[in-house]
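Breakdown of the fold
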Amino acid sequence: MQRSIVKDTVLLTLMQMILDGLTLVVNVLLNARLGSEGIGILTLAASFFRLACMVAGGNAFLCVSRFVSEELGKAERNPTGILRHCIFVSMILSGVTCAGICLFAGTLSAGFLHDPTLTAPIRHMAYALPVVTLAACMKGWCNALCRAGLCAAADGIEFVLHSGLNVAAAVLLQPTKAAVLCDMTAWVSLIAAGGELLFLLCIFPKLRPGRTGATSLTLREYLRLAVPVMAGSALTSGLSAANDALVPVTLQQAGNSTAEALSQFGIFEAMILPTLFFPSTILCSLAGILITEIAREHAAQRKARIRTLSMKAIRRTIEFSVFVTLILLTFGDEIGELLGGGEIAGNMIRLLAPVVPFIYLEIVLESIIKGLGAQMFSSLNYLCEYIVRISIVLICIPLMGFHGIVLSYYASNIAGNTARLIVVFRRTGMHFDAAALLLMPIFASVLSVQVSRAVFLVMHLDPEGSVPAMVLFTMLCAGIYLGVLHLTKKTPPQRTAEEGMLI
């Protein structure tokens, strides 16, 4: 089964860019309504809920996407049988997790959310886990069958329900207490996941690929392959949640009050990080597609196509991320002010801009690694990466305050993604071309901004003077940047039959 990666990526990108842009708008509205401290509480509750969903489902979306895709790459296959294995294991896991959270809700409330009064909201969050898990399985099925439009529609339904209900609750209820905010997170998440699941179940009967034989994996064989994937995903999510829980605590150790610590944490998570990650939408869409493509080609032993897909994905990621870094360095202060985060948000955006290429590379590299089945390395690398990050959080934030977060992001992202690059290049047989991958994007970015500033100077315009001027400057930079890259790009070699359709 071939697919147009460009077409699917464009479709998912457009949808995801709309959703991510609206997410930023919703965050700004919630910040204005609830204050940055309220946003900090909501963010901490959402971090706990993401961890619970990952543990409960074992990253059901990834498991279904990868293992169904591998099944489709085999001559004798029964993809529906693989889906049954995924749903059976994930639903048992979600039931056990739901029961465990309800049983230990008091301990989790005091330990993770730092508030023993949040026991009831945590139990309410647990009720949503089976629904979220089943929805993830169904969406993974659509992704494996190359139905990008259905995945995008499901994401849209979930977003509209989630964001709409959050804004409505903030306006009508005007919640200020932590318990009410966490309860809002729980019930909104349940309703949004329920709407997404209902849509996916309605279209499921129409998505039945033909079987050519028996299921290639027994339930025991599936468990042997899936457990490392599930454990790695749970480990990663757990470490991320632990890092989120420690940041407010260490900010208090730096001399901030509880309200100030939650406020700074809310600004960072709801404004600064979404701003840094917003341009990566195209890479997130590509990454989800790459997992299924590389898993299918890996099962069929088409090494040349894997090598070509990987190299193009890495090169375009670097080119894109270097340009994003340039724009964030240029307009970081203005973006922070526009989002309502003030001077602190603008400074942090500019400080973190140079690490953007490493953050974006992680998205694509992890997809390649998972598609190749190197889950053990992925889990170990994430463990090391978060050990570095959490260690710096514990040591540097009490000493440096908010700026300790910057240091933790630099150290962990550079170390973790350097290791990923080495492994991907070795496993795919690619060769590192420093000129094409690094020197030319940097040269093109510096040239584009200098030429654009010269043009604005001649026209007596200030690039930072207004939003239209910022947009015009960015578009001019982008045109020059792409033109320079195109003029300096090497002529690609003749495609082989094994490489097939490229990105």
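Residues numbered from 1 in each chain as written. Predicted model: local features only at pLDDT ≥ 70, side-chain atom pairs only at ≥ 80, totals over all residues. Heavy atoms only, no water.

Some points on the overall build of the protein chain
Note the cut-off: Put simply, DSSP H or I for four residues or longer makes a helix, DSSP E for two residues or longer makes a strand, and each gets a number counted from the N terminus. The atom set for the radius of gyration is the C-alpha atoms, and the globule formula is 2.2 Å times the number of residues raised to the power 0.38. Think of it in three bands: with a 1.4 Å probe and only protein chains considered, a residue is buried below 20% of the maximum accessible area for its type, exposed above 50%, and partly exposed in between. Every residue pair with non-hydrogen atoms within 4.5 Å of one another is taken to be in contact. Residues counted as positive are Lys and Arg, residues counted as negative are Asp and Glu, and His and the chain ends are not counted. A charged residue contributes its charge at one atom only: NZ of Lys, CZ of Arg, CG of Asp or CD of Glu.
A count of helical and extended segments in the protein chain gives 18 helices and 0 strands. In terms of overall size, the protein chain behaves like a compact globule, its C-alpha atoms giving a radius of gyration of 23 Å where 503 residues would be expected to give roughly 23 Å. Principal-axis analysis of the C-alpha atoms places the extent of the protein chain at approximately 65 × 60 × 40 Å. In the protein chain, which comprises 503 residues, the proportion classed as buried is 54%. In the protein chain, 82% of the contacts between residues at least 6 apart in sequence involve partners at least 24 apart. Considering the protein chain, the positive charge centre built from 35 side chains and the negative charge centre built from 30 side chains are found 12 Å apart.

Details of unusual backbone geometry
Positive phi is not limited to glycine here, since His460 has a value of about 60 degrees. Residue placement: His460 occurs in the loop between helix 17 (434-458) and helix 18 (467-488).

Brief notes about the pattern of salt bridges
The cut-off we apply is this: A pair is scored as a salt bridge if a Lys or Arg side-chain nitrogen falls within 4 Å of a carboxyl oxygen belonging to Asp or Glu.
As enumerated under the stated definition, the model contains 14 salt bridges in all. The partner of Asp155 in a salt bridge is Lys139, and the shortest N-O contact between them spans 2.6 Å. In this pair, Asp155 sits in helix 7 (residues 148-173) while Lys139 sits in helix 6 (residues 129-144), placing the two residues 16 residues apart along the sequence. Arg350 serves as the salt-bridge partner of Asp333, at 3.2 Å between the closest nitrogen and oxygen.

A word on the nonpolar core
So the rule is basically this: What makes a nonpolar core is a set of buried Ala, Val, Leu, Ile, Met, Phe, Trp, Tyr and Cys residues whose side-chain atoms join them at distances within 4.5 Å.
Phe268, Ile272, Ile314, Leu328 and Leu352 are the most contacted members of the largest nonpolar core, which totals 68 residues. Broken down by element, this core gets its largest block of residues, 13 residues, from helix 12 (residues 303-338). Excluding its chain neighbours within four sequence positions, the residues that come into contact with Ile314 are Leu361, Leu365, Ile368, Leu421, Val424, Phe425 and Met430. In terms of nonpolar packing, the next biggest core, distinct from the first, is built from 33 residues, Ile82, Cys151, Ala226 and Ile291 among them.

Some points on the environment of Thr428
Note that Thr428 resides in helix 16 (residues 403-428). Its relative accessible area of 6% is what places Thr428 among the buried residues. Residues within four places of Thr428 in sequence aside, it is in contact with Ile306, Arg307, Ser310 and Leu372.

Some remarks on the packing of aromatic side chains
So the rule is basically this: Within 6.5 Å between ring centres, the rings of Phe, Tyr and Trp (the latter by its six-membered ring) count as paired, and their orientation is classed by plane angle as stacked under 30 degrees, edge-to-face over 60, tilted in between.
In this structure the tally under the stated criterion is 11 aromatic pairs. For the pair Phe331 and Phe473, a centre-to-centre distance of 5.6 Å together with 90 degrees between the ring planes defines the contact as edge-to-face. Of the two residues, Phe331 sits in helix 12 while Phe473 sits in helix 18, which places them 142 residues apart along the sequence. In terms of burial, Phe331 and Phe473 fall into one category: buried. Ring geometry for Phe456 and Phe473: centres 5.3 Å apart, planes at 80 degrees, overall edge-to-face. Of the two residues, Phe456 is situated in helix 17 and Phe473 in helix 18; the sequence distance between them amounts to 17 residues. For Phe456, a relative accessible area of 2% gives the class buried. Accessibility expressed as a relative area gives 0% for Phe473, which makes it buried.

With respect to a nonpolar patch on the surface
Quick note on the threshold: Residues qualify for a patch when their relative accessible area is over 30% and they have no salt bridge, like charges being joined within 9 Å and the nonpolar side chains of Val, Leu, Ile, Met, Phe, Trp and Tyr within 5 Å. Areas reported as accessible are Shrake-Rupley estimates using a 1.4 Å probe. Residue values count occlusion only from the protein chains shown.
Side chains of Phe88, Ile92, Val96, Leu219, Leu223 and Val227 sit close together on the surface and give an oily, nonpolar patch of about 500 Å² of accessible area. Mapped by element, the contributors of at least two residues to the nonpolar patch are helix 3 (79-103) and helix 9 (219-253). Relative to the helices and strands, Ile92 resides in helix 3. For Ile92, a relative accessible area of 44% corresponds to the partly exposed category.

Things to note about the packing of helix 15 (residues 375-400) against helix 16
This is how it is decided: Angles here are taken between N-to-C directions and fall from 0 to 180 degrees, while the axes themselves are lines fitted to C-alpha atoms, restricted in helices to the stretch in contact. Note on terminology: angles under 35 degrees are roughly parallel, angles over 145 are roughly antiparallel, angles of 65 to 115 are roughly perpendicular, and the others are oblique. Note on convention: the crossing is left-handed when the near helix lies turned anticlockwise from the far helix by less than a right angle, right-handed when the turn is clockwise. Charged residues are taken to be Asp, Glu, Lys and Arg, nonpolar residues to be Ala, Val, Leu, Ile, Met, Phe, Trp, Tyr, Cys and Pro, and polar residues to be all remaining types, Gly included.
Between helix 15 and helix 16, whose axes approach to 8 Å, the crossing angle comes to 160 degrees. The orientation of helix 15 with respect to helix 16, classified from their angle, is roughly antiparallel. When the axes of helix 15 and helix 16 are compared, the crossing they make is right-handed. Looking at the contact of helix 15 with helix 16 residue by residue, the classes come out as 14 nonpolar, 7 polar and 3 charged.

Quick notes on the state of the cysteines
Threshold: Any two cysteine sulfur atoms lying within 2.5 Å of each other are counted as a disulfide.
For the structure shown, the criterion picks out 0 disulfides. Left unpaired, Cys63 is separated from the closest cysteine sulfur, that of Cys86, by 6.1 Å. When its relative accessible area of 0% is taken as the criterion, Cys86 is described as buried.

Let's talk about helix 6
Stated precisely, the cut-off is as follows: Take the number of residues in a helix, subtract one, and multiply by 1.5 Å to get its expected span.
Spanning 16 residues, helix 6 covers 22 Å between terminal C-alpha atoms, matching the ideal 22 Å at 1.5 Å per step. For helix 6, the buried fraction is high: 12 of the 16 residues fall into the buried class. Buried within helix 6 we find Leu129, Thr133, Ala135, Ala136, Cys137, Met138, Lys139, Gly140, Trp141, Cys142, Asn143 and Ala144. Of the residues trailing helix 6, Cys146 is marked for its positive phi of about 65 degrees.

Quick notes on the environment of Thr474
Tracing the sequence through the fold places Thr474 in helix 18. Residue classification places Thr474 among the partly exposed positions, given a relative accessible area of 22%. Not counting the four nearest positions on each side in its chain, Thr474 is found in contact with Phe323, Ile327 and Phe331.

Digging into the environment of Cys63
Inspection of the secondary structure assignment puts Cys63 in helix 2 (residues 60-72). For the pair Cys63 and Leu14, spaced 49 residues apart in sequence, the C-alpha to C-alpha distance is 25 Å.

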